[in-house]
2 protein chains.
Amino acid sequence: MTGGPDIREIEDAAGRLAPILRKTTLFESERLNAQIGGRLLVKAETLQPTGSFKIRGAWNRISRLSADSLSRGVLALSSGNHGLAVAWAARRAGARRIVVLMPVDAPRTKIEQTRAFGAEIVAYDRRKADRNALVAQWRDGQGLVYIPAFDDPQVIAGAATVAYEIAEEAAASHIAIDLFAAACSGGGLIAGSALALRALSPATEIWGVEPEAYDDTAQSLAAGERVAVSASGKTICDALLSLTPGELTFTINRKSLSGIVGASDDDARAGMKAAFEEFGLVAEPSGALALGAILAGRMDVKGRTAAVVLSGRNVDLDLYRREMADSALDPSPERLTG
Amino acid sequence: MTGGPDIREIEDAAGRLAPILRKTTLFESERLNAQIGGRLLVKAETLQPTGSFKIRGAWNRISRLSADSLSRGVLALSSGNHGLAVAWAARRAGARRIVVLMPVDAPRTKIEQTRAFGAEIVAYDRRKADRNALVAQWRDGQGLVYIPAFDDPQVIAGAATVAYEIAEEAAASHIAIDLFAAACSGGGLIAGSALALRALSPATEIWGVEPEAYDDTAQSLAAGERVAVSASGKTICDALLSLTPGELTFTINRKSLSGIVGASDDDARAGMKAAFEEFGLVAEPSGALALGAILAGRMDVKGRTAAVVLSGRNVDLDLYRREMADSALDPSPERLTG
């Protein structure tokens, strides 16, 4: 395999994506800056169509499909956000059929929205299913075009446009980004980000954030090769449950990451709470993990400028309400007495 | 009194506000369009600095204060969002002192944020206090410059830039807006909107939405003169508790509104839920009331294009969680069985 998309392919993806994306200019909060003792810039990919950054990779890949491919139909295996993005993109491109393999315990909202875009949803047990065999069965048995969630140069190039935009906005505002952080599962977002920033902002540190219970990238980096974690780990970060890094993404990430941290469910909750209170943004646990990790001090941002991706918002309202109750509340609620 | 700011003053306000505002391009959701049988475009003023549209009127007014006025200090009386916006603007402009008269039961988040901007908060009992006397006491007794929440041409001109932007974006996209709706309390947002749309999109209907329990504008329109409602009414829309319309705003609104509707707390909750699910946006009850009213069918939008303002997001997390539990949940939650 080669080293992934180059900057020209990322710029090409940016041009292709411009008509369908929402401009997500960086958010900043005085209170969070004071809390971390640095400057925090938040890229709200929660505001994109389909509610996550996944639409970028999906559209970059699917908008290039031939008429023949579209007539065969597309296939995706996804914890939810990629499948939803593929369904949106495939419907827009005119695919004849859309099949999404999704865990039986995926959030209701991801299932419903994906179905609403015309996808056939096939449920699998993420603890027991042989995912590769499932994909092969549907791809080869049904003649569908498989759209990988991360192990594909065009999908990575699409995801890379997130950091590409951050770098452009920072440059235009004369801001130097010392550190970039984003969630890491299969590794597509962080790999694409690393490729974009290597070209546009080479001094920026690149940090991946994984759930502590699914630290396959950290373990793989330590082992020097891809390893798999157990599917029995518990976390509310339902979009970050890859058991092993992608092949292409790991090739990129092992050469590019400045660091990788594991973060807790409480970090995810703290990130969700901060997004709610500081910006009025809804984030799903996985989408808020990197933000929460920074707030928890898992990366050194003191006196520095950090950019973080708020990567998705597809969370069921009842779970959101429940998880926001468990988060640490303000110890002394403000009350007026006068 | 004259008829309020003209389009030239509104354009001037837009130019003055451009450096401090976030671009709030309209949001659209297929699911909501299908639900109403029309086209719904949402202006998310929740994303503005200070979390509501109020920053527009506050900055338009305060950025024009003389050095002498700034050295005297500013005063605001506010249920929360206007006070917060004034504190932000006054601090940015360099006011020597900021005093905000706020109800003792205002949302914690509004109190805390306002204080964080350097304001002195003076609590009043909104059921018993003589608000005019309170303002006079602080304005005259302390020599402060009073910044009205709505009854001021520059504040109205600032608020008018919301609809001004909507009209510009619609024109650029070749969209005709049949109906515009926004929450109505003192009447500043809807009055400013009416002035902007009269100039830029005169065929657009203009609808104000009030809490049923605080329908002072509806009663005043029916009576042909300003009347006051009781302060004992119950609603969760804590930002829409004006007891009577403003003087200048009523002068404008009585000539400009196509209609006024009262909406329920359940409508507010439905609007909050829709903002959460469709856009990943947090809205406070008052900020979501107009959206909820449209979804409840209180305005005729079938086959038409409606623009609605999501006007604010300053709600305490615990109240948000609680109110989102009371809203109607999906009757048959989606589950996969395969």
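Residues numbered from 1 in each chain as written. Chains lettered and ligands numbered in written order. Predicted model: local features only at pLDDT ≥ 70, side-chain atom pairs only at ≥ 80, totals over all residues. Heavy atoms only, no water.

How would you summarise the overall build of chain A if you had to cite specific residues and measurements?
Helix and strand counts for chain A come out as 14 helices and nine strands. Taking 338 residues into account, the globule formula puts the C-alpha radius of gyration at 20 Å, and chain A, at 19 Å, falls close to it. Per element, the accessible surface of chain A, about 12300 Å² overall, is 48% carbon and sulfur. Taking the 38 positively charged and 41 negatively charged side chains of chain A as two groups, their mean positions are separated by 5 Å. (Helix = DSSP H or I, 4+ residues; strand = E, 2+ residues; numbered from the N terminus. Rg over C-alpha atoms; globule rule 2.2 N^0.38 Å. Areas by Shrake-Rupley, 256 points an atom, 1.4 Å probe, with all protein chains shown as cover. Lys, Arg positive; Asp, Glu negative; His and termini not counted. Charge placed at Lys NZ, Arg CZ, Asp CG, Glu CD.)

Before we move on, could you go through the packing of aromatic side chains and cite the residues and values that matter?
Taken as a whole, this structure holds six aromatic pairs over all chains when the rule is applied. Measuring from ring centre to ring centre gives 6.0 Å for A:Trp59 and A:Trp88, while their planes differ by 75°; the resulting arrangement is edge-to-face. Of this pair, A:Trp59 sits in helix 3 (residues 54-62) while A:Trp88 sits in helix 5 (residues 81-93), and the two are 29 residues apart along the sequence. Neither residue differs from the other here; A:Trp59 and A:Trp88 are each classed as buried. Summarising the aromatic geometry, the rings of A:Phe276 and B:Tyr320 are spaced 5.0 Å apart at their centres and angled 75° between planes, so their arrangement reads as edge-to-face. (Phe/Tyr/Trp six-rings, centres within 6.5 Å; stacked < 30°, edge-to-face > 60°. Buried < 20%, exposed > 50% of the residue type's maximum accessible area, 1.4 Å probe, protein only.)

Tell me about the nonpolar core, and please be specific about residues and values.
Residues A:Leu40, A:Leu281, B:Leu40 and B:Leu281 are the most contacted members of the largest nonpolar core, which totals 84 residues. When residues no more than four places from it in sequence are discounted, the contact partners of B:Leu40 are B:Phe27, B:Glu28, B:Leu32, B:Asn33, B:Leu291, B:Ile294, B:Leu295, B:Ala306 and B:Val308. The next biggest cluster of nonpolar side chains, apart from the first, holds 33 residues, and it includes B:Ile10, B:Ala157, B:Ala159 and B:Ala160. (Core = buried A, V, L, I, M, F, W, Y, C linked by side-chain atoms within 4.5 Å. Contact = heavy atoms within 4.5 Å.)

Break down the packing of helix 5 of chain A against helix 6 (residues 108-116) of chain A for me, citing the residues and quoting the values.
Residue and element names in this part refer to chain A. Interhelical geometry of helix 5 versus helix 6 gives an angle of 15° and a closest axis separation of 9 Å. In terms of orientation, helix 5 and helix 6 fall into the roughly parallel class. Note on packing geometry: the crossing formed by helix 5 with helix 6 is left-handed. Packed against helix 5, whose contacting residues are Asn81, Gly83, Leu84 and Ala87, the element helix 6 presents Lys110, Gln113 and Thr114 at the interface. (Axes fitted to C-alpha atoms, helices over the stretch in contact; angles between N-to-C directions. Parallel < 35°, antiparallel > 145°, perpendicular 65-115°, else oblique. Left-handed = near helix turned anticlockwise from the far one by under 90°.)

Go over the domain arrangement of chain A, please, and point to the residues and values.
Residue and element names in this part refer to chain A. Domain annotation for chain A reports domain 1 (7-53 + 153-329) and domain 2 (55-146). The gap between the C-alpha centroids of domain 1 and domain 2 is 23 Å. The partner domain 2 presents 23 residues to the 35 residues of domain 1 that form the contact. When the buried area of domain 1 at its contact with domain 2 is split by residue, Arg16, Thr50 and Gln154 rank highest and sum to 25% of it. Here domain 1 and domain 2 share 17 residue pairs in polar contact (both at pLDDT 80 or more) between them. (Domains from an automatic or database assignment. Buried area = accessible area lost by both parts, 1.4 Å probe. Polar contact = N/O pair within 3.5 Å; in protein donor to acceptor, adjacent residues only side chain to side chain.)

If you had to explain helix 9 (residues 188-200) of chain B to someone new, which residues and values would you point to?
All names here are of chain B. For helix 9, spanning 13 residues, the distance from its first C-alpha to its last is 18 Å, which sits close to the expected 18 Å at 1.5 Å a residue. Across the 13 residues that make up helix 9, a large majority, 10, are buried. Among the residues of helix 9, those classed as buried are Gly188, Leu189, Ile190, Ala191, Gly192, Ser193, Ala194, Leu195, Ala196 and Leu197. Turning to helix 9, the residues buried within the fold contact helix 1 (7-17), helix 8 (153-172), strand 6 (179-183), strand 7 (205-211), helix 11 (247-256) and strand 9 (305-310). (Expected span 1.5 Å × (residues − 1).)

Please give an account of the side chain of B:Thr249 that cites residues and values.
Secondary-structure assignment places B:Thr249 in helix 11. Apart from residues lying up to four places away in sequence, B:Thr249 is in contact with B:Phe150, B:Asp151, B:Ile156, B:Gly186, B:Gly187, B:Gly188 and B:Ala191.

Please provide a residue-by-residue account of the sheet that holds strand 8 (residues 259-263) of chain B, values included.
All names here are of chain B. The strand order 1-9-6-7-8 describes an open sheet built from five strands, whose pairing is parallel. Each end of this open sheet is capped by a strand with a single partner; those strands are strand 1 (39-44) and strand 8. Strand-to-strand twist in this sheet, taken as the mean axis angle between neighbours without regard to direction, amounts to 25°. In this sheet, strand 7 lies alongside strand 6 in parallel orientation, the contact comprising five bridges. When the bridges of strand 7 are listed, Leu179 appears paired with Glu205. Packing against the sheet, helix 13 (residues 285-295) makes contact with strand 1, strand 6, strand 7, strand 8 and strand 9, and its axis sits at approximately 155° to strand 9. (Pairing = 2+ DSSP bridges.)

Summarise the sheet that holds strand 7 (residues 205-211) of chain A; cite the residues concerned and give the values.
Pairing between the strands of a sheet comes from backbone hydrogen bonds, and it takes one of two forms, parallel or antiparallel. All names here are of chain A. If you walk across this open sheet you meet the five strands as 1-9-6-7-8, and the pairing is parallel. Unpaired on one side and paired on the other, strand 1 (39-44) and strand 8 (259-263) mark the two borders of the sheet. This sheet shows a mean twist of 25° between the axes of neighbouring strands, independent of strand direction. One ladder, built from three bridges, connects strand 6 (residues 179-183) with strand 9 (residues 305-310); its direction is parallel. Within the sheet, the bridge partner assigned to Ala181 lies in strand 9 and is Val308.

Describe in detail empty space enclosed by the protein, supporting the description with residues and values.
Residues and elements named next belong to chain A. Counting across every chain of the model gives one cavity of 30 Å³ or more. Approximately 60 Å³ is the volume found for the largest cavity. In this structure, the largest cavity is lined by Phe53, Lys54, Gly57, Ala58, His82, Ala149, Val155, Ala159, Gly188 and Leu189. Contributing elements (two or more residues each) for the lining of the largest cavity: helix 3, helix 8 (153-172) and helix 9 (188-200). Take the lining of the largest cavity: its biggest share by element is three residues, from helix 3. Taken together, the residues of the lining of the largest cavity break down into six nonpolar, three polar and one charged. Looking at which domains feed residues into the lining of the largest cavity, each of domain 1 (7-53 + 153-329) and domain 2 (55-146) gives three or more. (1 Å grid on protein atoms, 1.4 Å probe; cavity = no way out; pocket = protein on both sides within 12 Å on 5 of 7 lines; lining within 4 Å. Points joined across faces, edges and corners; volume = space filled by probe spheres on them. Nonpolar A, V, L, I, M, F, W, Y, C, P; charged D, E, K, R; others polar.)

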